[in-house]
Amino acid sequence: MDPETITAAIANNVRAQRAHRQMTLDELAARSGVSRGMLVQVEQGRTNPSINTLTRIADALGVTVARMVEVSDTPVVRVVNAADMVTFPHGDGSAARLLVGTDAPAILELWDWRLAPGEHHDGDAHPPGTREMLTVLEGELTLTVYGRSHAVGTDGAVVFSADRPHRYANEGERPLRFVMVVTEPRETPDH
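Since the structure is predicted, the reported quantities are computational estimates derived from the model, not experimental observations.

Undergrad: Quick rundown of the environment of leucine 25? Include the residues and the values.
TA: Mapped onto the elements, leucine 25 comes out in helix α2 (residues 25–32). When the C-alpha atoms of leucine 25 and valine 40 are compared, they prove to be 7.8 Å apart, with 15 residues separating the residues in sequence.

What follows is the structure, encoded as structure tokens:
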């Protein structure tokens, strides 16, 4: 899928989700920690936000990142072809690929991550109660949560509370690939 289509989908979805909740730009800025100016650029399709920015906006709206990049409404059964998956480049030879996600009845996202040697990604704290679980397919992941690092090797798995800052790092000399599921508790942002 071309970047212009994704940018347009993000713009439409952020605007629609904000309007559905009757939130002003200032309210969304306060809840998300994203500046009003950046939100205007996102809603007008003038910028392609980073994963962290998009995550903060989605969290403030109570939906998944997958919902933000969705090009059309989700049917009862949705098959996502490789060409329709969204990839967020990160560093040199690294990327996070959102395979599929849903926001009803539970908020779930399935990601395929690749980090080149020496690369890392700093994840912002998600809403309270958010959990992440992942399995390493290749290489070794150094996961840091609350300042404590954990090594997860090939075929290993981990689950952790992602409602605090965390880091995924490839401190090894070969490429790292892992598949991750993010689940957030269902909450109504209007309360």
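Undergrad: Go over helix α3 (residues 36–43), please, and point to the residues and values.
TA: Given 3.6 residues to a turn, an α-helix orients residues that are three or four positions apart in the same direction. Every buried residue of α3 is listed here: Leu39, Val40, Val42 and Glu43. Looking straight down α3, one finds that the buried residues subtend no more than 160° of arc, so they occupy a single side. Where α3 is buried, its residues contact α1 (3–20), α2 and α4 (51–61). Glycine 45 sits one or two positions beyond α3 and adopts a positive phi of about 70°.

Undergrad: So what about the packing of α2 against α4? Which residues, and what values?
TA: Relative to each other, α2 and α4 sit at 110°, their axes nearing to 8 Å. The orientation of α2 with respect to α4, classified from their angle, is roughly perpendicular. Here Leu28, Arg31 and Ser32 of α2 come into contact with α4, specifically with Arg56, Ile57, Ala60 and Leu61. A class-by-class count of the residues in the contact of α2 with α4 yields four nonpolar, one polar and two charged.

Undergrad: Describe the sheet that holds strand β6 (residues 141–145), listing the residues and the values that go with them.
TA: Reading across the sheet, the four strands line up as β4-β9-β6-β7 and stay open at both edges, with antiparallel pairing between neighbours. Each end of this open sheet is capped by a strand with a single partner; those strands are β4 (120–123) and β7 (148–152). Neighbour-to-neighbour, the strand axes of the sheet open up by a mean angle of 15°, direction not taken into account. Sheet topology note: the β6/β7 ladder contains five bridges and is antiparallel. Looking at the pairing, threonine 142 lines up with alanine 151 of β7.

Undergrad: Tell me about the nonpolar core, and please be specific about residues and values.
TA: Ranked by size, the top nonpolar core spans 42 residues in total, and within it Ile57, Trp111, Trp113, Leu141, Tyr168 and Phe178 carry the most contacts. Ranked by residues supplied to this core, first place goes to α4 with six residues. Not counting residues within four places of it along the chain, the set of residues in contact with tryptophan 111 comprises Val65, Phe88, Ala96, Arg97, Leu98, Leu99, Phe178, Val179, Met180 and Val182.

Scoring rules and cut-offs
- Residues numbered from 1 in each chain as written.
- Predicted model: local features only at pLDDT ≥ 70, side-chain atom pairs only at ≥ 80, totals over all residues.
- Heavy atoms only, no water.
- Helix = DSSP H or I, 4+ residues; strand = E, 2+ residues; numbered from the N terminus.
- Buried < 20%, exposed > 50% of the residue type's maximum accessible area, 1.4 Å probe, protein only.
- Arc of directions from axis to C-beta.
- Contact = heavy atoms within 4.5 Å.
- Axes fitted to C-alpha atoms, helices over the stretch in contact; angles between N-to-C directions.
- Parallel < 35°, antiparallel > 145°, perpendicular 65-115°, else oblique.
- Nonpolar A, V, L, I, M, F, W, Y, C, P; charged D, E, K, R; others polar.
- Pairing = 2+ DSSP bridges.
- Core = buried A, V, L, I, M, F, W, Y, C linked by side-chain atoms within 4.5 Å.

That's the geometry; what it means functionally is another story.
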